[in-house]
Structures are given as C-alpha cells and as structure tokens.
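This is what each chain is made of:
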Amino acid sequence: YKTLRLVLGDQLNLQHSWFLAADPSTLHIMMEVKTETDYVWHHIQKACAFFAAMESFAKTIISQGFETLYLHLNNPSNKQNISENIKDLIEAFGIEEFQYQLPDEYRLDQELNNLCSQLNINWHCFDSEHFYTKREELADFFSGKKELVMESFYRAMRLKHHILINNGTDPEGDKWNFDIENRKKLPKNHKPNPPLLFDNDVKAQFDRLVAAETKTIGSIVPHYFQWPINREQSLKLLHYFCENCLPLFGTFQDAMHTDEWSLYHSRLSFSMNTKMLSPMEVVNTVLAYWEEHKKSVALNQLEGFVRQILGWREYMRGIYWMHMPNFEQLNYFNHVKKLPDWYWTGNTNMNCLKQSISQSLRFAYAHHIQRLMITGNFALLAGINPDDVDFWYLGIYIDAIQWVEITNTRGMSQYADGGITGSKPYTASANYIHKMSNYCDSCKYDRNDKIGENSCPFNSLYWNFHDQQRAKLQHNHRLSMVYRTWDKMAPALKASVLQRANYYLENLDKL
Ligand code: FAD
Ligand code: SF4
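Residues numbered from 1 in each chain as written. Chains lettered and ligands numbered in written order. Predicted model: local features only at pLDDT ≥ 70, side-chain atom pairs only at ≥ 80, totals over all residues.

- An unreviewed UniProt entry lists the protein chain under the name Cryptochrome/photolyase family protein, with Pedobacter frigidisoli as the source organism.

Structure representation (structure tokens):
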C-alpha cells in the first residue's frame, strides 16, 4: 500500500469523498484501543455501540472494495494507542503517505498533530465533510462582539443555508423562534408513540470489553441492543421520527414523565455524532416531510427541531474550537464538592433525580431537559466540581463526545464558563420541575416546602446558591427578579432556608 487512511470511531461517514471510489493502493485503518475505552468510564451501551457501529462501517466499505484493516481490542499486535499502531503500520507496509480527517476532539487533534510532526513521510489532513460550519466559522462570525448570542448565529445560519426563509430574508411564519408555543407538560392519559428500538446483537463487542477489563457503567440486556449501529438503521430512525415524533416534538420538548424516557425526542444524536447521518440530511429530510405534511406538522414543531441542529449543535462545536483547551479548566464559581455517589446508581429519594439517573443507566439516554434541569441543575446548586460533572456526562450518554458534551455541561449547564454559552445559569427550584413533569407527585420530598425536614432540596439549594454567588450574579439583569424576591423574604425565613440548604449540602450522599 502507498497510502494509509485513519478512520476514527466517530467518522463513520459513508458519504465522505474518501469513499467515492476505491483505490487498491490505499489502506484504511480502524481500531479499537484502550486509550479510547479508558479515558472515562463509558456506559457499557456506549462502548458497545461505538465498536458495533465501527465494525459495521468496516464491513460496508470492505464490501465496496475499500482495502481496510480493523484492529480489534484483543488483537495481540494492537498497541492500544492510535499513534503507536499507525507507526507500526507505516513501517510494516512501507507506507508513503498518511491521511486523516479532522478529529472533533481536541485531545485527538493534538495527538494526530503530534504524530504527524514525528513522521518522516508525507501526511495530509482532510475535512470531515460533516458539519454545516468550519471549525473557525463561529469565531469569525462573532469576531469583535462581546457576547456570543446563539440566536443571532442561528438566524445567520438560516439565511446562509436558505432554511425556512422566504423572499431571501424573511423567516417562515414571520417569526424566527416559536419557543413560546412549545414547552408543555404531558397531559394526563397522553401516551406518546413508543420509541423505535433495534434488536442488534453486541455480544462479541461486550465480551471483548469485559476480557480487556474495561471499567464501564450502566446496564445492557445481553444480545439486545436498541441503538442504531449502521446507516440503514439510522435512516429508519430518522423516518420514524418524522412520522411519529415530529408532529409533537416542539410541544413536549421540555416535558418529563416517569413512564416515558424519550417522549417525542429523535434519539438521533448517536447517529449524527458518529457521522452515520449528516446534520444536513437530517434537517433536509425533516423539512421535506413538513412540506408534504403541513396539515399534521405545525411550524413550531419543525422550527424547534431545526434550531437544535442548525443552531445549537453547530454553535457548541464553534464554541469548543474557540475556547479549547482553556474551556476544560473553567470553574467560574470555584465549585469543589464531589459528585454524590448516587449519581452512579440512581439510589436517591429525590424522585426527579432517581428517574433521570436510573433511565440514563438503563438506556444511556436522557433528553435535554433531564440533563439540563434535573442532573445538571442539581450539580450546580450543590456546588459540584465541574471536573466531576464532566466525567459523569462524558461517560454516561450514548452521544457523549467531548466537543458537544463539555460545552453543554461545563458551559450551558454548570455556567463554569462564566457566561460564554449562556447569559445566565440554568437553575430552578421544585416549581419548574413540577411544572414540566409528574416527578414530584411520587416523591418523598415536599415540593411546596423550603425549610422543613421533608422540604424539597432544590428549593433551599436554589436560594442558597444565589445568595452565595451574589457578587458574581446580582448585576445580571436576567436575575434581578430572583434577587428582588430573595431580598423581600423575611430575615428569619431566609436564615431557615440557608440553614436547611447547609444541612443538605453536608449530607448530599444521604438525600
Ligand atoms: P433531540 O431532542 O431529538 O434533538 C435533535 C438533535 O439536536 C440532537 O440529536 C442533537 O444533535 C441536537 N441538539 C439538541 N440540543 C443540543 C445542544 N444543546 N447541543 C448540541 N446539539 C443539540 N448532546 C450530545 O450530542 N452529546 C452530549 O454529550 C451532550 N451532553 C449534554 C450534556 C448536558 C448537561 C446537556 C444539558 C445537554 C447535552 N447534550 C449533548 C445536548 C442534548 O441534550 C442532546 O443532544 C440530546 O438530548 C440528544 O437526544 P436526541 O437526539 O433525542 O435530541
Ligand atoms: Fe425533585 Fe423536589 Fe420534585 Fe422531589 S419534590 S421530584 S426532589 S423537585
């Protein structure tokens, strides 16, 4: 072989120009390595999903005539490190040029830069041909501006890509954002369509991980694996979403329910983050479906979905490349507490956390509001070290890859970036959780109480957090109402609230 091409586990893009025509002098290398399985405690379903999707991708390109070597975790010649394996292959095959696609993670970007600087053959880096934007596009867009407002970036993306735009400049429906019509609680007796689950066999991948003594979290039902592991299944999931979830996606986007773990969400993040599906084809498919079914799919449902992908997903990627590696160190509130043990088991009396964590351990999935307003909100109010919070989020979710995990976790949910990704911390007391879910109905704690022995911990921790962080937050105009309410509270009540919060903070593991 003359050329060696590296395909990373999240670069399963069959539509990449690399795969237009096979060249017998080019060898593709895909590998399972310990450095990737061990940098965090991955959910067992996530580790299996990556391996299964990688193997399926390798099989497909081999069947199309592309020379491919797949190095399994248990292969004796596997050095368990990407760079070392590549050096071995270059030598073994007398390779003349090394090629790779831009990685999405800073860690791998550094590693591959470093590797190339040591090679004495040619090397070439290609775009991954996946995103709407280039790595630096967001930084260029906001250059000279003080605040990186997602909404203005999103509108510019809509205009640039002519998505839901009329007459060149007008937003479809005369509004850019239909959020106000969304965010409804699930009505009693409303049963969402069941999620589309696949029946994939991942025993071989599971056995390799166990044999390599990989530390994982969460559970898996042997021989039954629900996540899509190839492009065909990913496309099925996309079409299922259009027909069964899109019509109510926006309306119940923020709803949470004890009997439902995915409601009307698409669960397409794994397929997109591994590049089995491109964001453009997801957006275009959904737009085309809406064009044909305007009677059953209102504009607010569609716009809400498009914004997540064209707006938030691209925005987070841009923030990542703008602020790494510093982003990893940010801790605006200097939070140092350890994550309570029950984050790893779901074993807590707080029903909202019990439900959100248990379903995450069971399905490697929770939807955005569970991540932001339940597990994330609690970690922020309890003053947990963002390193611990990142470690948890980076492992537990099927779609967790650092570029989109850390910007959402350390940034949006923990405000550890001091306001790069969001204009205020996302905090809430039981009021909001009750408004959006049925969790409080069967909880040991009293959602209406903030000082008693059985009072909901979110209530006192909420006020305690704002009191503690007053110097950093009181001038934020979006929080003026919070501080006005706190200041009006009777001093004795305030003292009791802070006392209750302190008790909870000292007993986090027992909650
Ligand atoms: P849907 O609700 O169906 O949304 C459609 C798509 O929009 C998603 O598949 C996703 O690609 C995109 N999207 C929606 N919100 C965001 C967002 N805030 N940032 C980027 N893309 C978004 N997403 C990940 O892909 N990986 C992560 O590791 C991750 N960690 C998160 C951690 C926290 C604390 C929070 C608050 C959010 C995180 N998100 C992450 C964003 C979002 O929660 C998930 O993308 C979404 O829940 C995935 O489920 P879905 O495919 O059913 O999404
Ligand atoms: Fe969560 Fe508090 Fe409601 Fe219990 S009462 S479910 S802890 S918000």
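## A look at the overall build of the protein chain
No. 1: Check the secondary structure of the protein chain and you find 21 helices and 7 strands.
No. 2: The C-alpha atoms of the protein chain give a radius of gyration of 24 Å, which matches the 24 Å a tight globule of 511 residues would have.
No. 3: The principal-axis extents of the C-alpha atoms in the protein chain amount to approximately 80 × 55 × 50 Å.
No. 4: For the protein chain, with 511 residues in total, the buried portion stands at 44%.
No. 5: Of the contacts formed within the protein chain by residues at least 6 apart in sequence, a portion of 77% connects residues at least 24 apart. (Helix = DSSP H or I, 4+ residues; strand = E, 2+ residues; numbered from the N terminus. Rg over C-alpha atoms; globule rule 2.2 N^0.38 Å. Buried ≥ 20, exposed ≤ 12 C-beta atoms within 10 Å, placed from the backbone. Contact = placed C-beta atoms within 7 Å.)

## With respect to the sheet that holds strand β4 (residues 97-101)
No. 1: Within the open sheet, the 5 strands sit side by side as β3-β2-β1-β4-β5. Their pairing is parallel. With partners counted over all chains shown, the strands left at the sheet margins are β3 (68-71) and β5 (122-126), one partner each. The mean angle between the axes of side-by-side strands here comes to 20°, regardless of whether they run parallel or antiparallel.
No. 2: Judged from the 5 bridges that link them, β4 and β5 form a sheet pairing that is parallel. Of the residues in β5, the one forming a bridge with Gln 99 is His 124. (Pairing = 2+ DSSP bridges. Axes fitted to C-alpha atoms, helices over the stretch in contact; angles between N-to-C directions.)

## As for the environment of Tyr 132
No. 1: On the secondary structure map, Tyr 132 appears in the loop between β5 and α5 (137-141).
No. 2: Note: C-alpha distance between Tyr 132 and Ile 309 (177 residues apart in sequence) is 9.6 Å.
No. 3: If we ignore the near neighbours within four places in the chain, the residues touching Tyr 132 are Met 157, His 161, Pro 279, Met 280, Leu 310 and Glu 314.

## Considerations on the domain arrangement of the protein chain
No. 1: For the protein chain, the assigned domains read domain 1 (3-126), domain 2 (137-193 + 245-323) and domain 3 (341-510).
No. 2: Between the C-alpha centres of domain 2 and domain 3 the distance comes to 25 Å.
No. 3: Across the contact, 21 residues belong to domain 2 and 23 residues belong to domain 3.
No. 4: Mapped onto the side of domain 2 that touches domain 3, the elements with two or more residues apiece are α10 (269-273) and α12 (299-323).
No. 5: Examining the composition of the side of domain 2 that touches domain 3, we find that 6 residues originate from one element, α12, more than from any other.
No. 6: Looking at the side of domain 2 that touches domain 3 residue by residue, the classes come out as 9 nonpolar, 7 polar and 5 charged. (Domains from an automatic or database assignment. Nonpolar A, V, L, I, M, F, W, Y, C, P; charged D, E, K, R; others polar.)

## Quick word on the site of ligand 2
No. 1: Not every one of the 13 residues close to ligand 2 is listed here, only the nearest: Met 350, Cys 352, Cys 440, Cys 443 and Cys 456.
No. 2: Every element with two or more residues in the shell around ligand 2 is listed here: α13 (351-363) and α17 (430-436).
No. 3: Across the shell around ligand 2, the residue classes tally to 10 nonpolar, 2 polar and 1 charged. (Near = placed C-beta within 6 Å.)

## Side note on the site of ligand 1
No. 1: Near ligand 1 lie 27 residues; those nearest to it are His 265, Ser 266, Ser 269, Gln 308 and Glu 405.
No. 2: Ranked by residue count, the leading element in the shell around ligand 1 is helix α16 (residues 402-413), at 6 residues.
No. 3: The residue inventory of the shell around ligand 1, partitioned by class, reads 11 nonpolar, 11 polar and 5 charged.
No. 4: Three or more residues apiece are contributed to the shell around ligand 1 by two domains, here domain 2 (137-193 + 245-323) and domain 3 (341-510).

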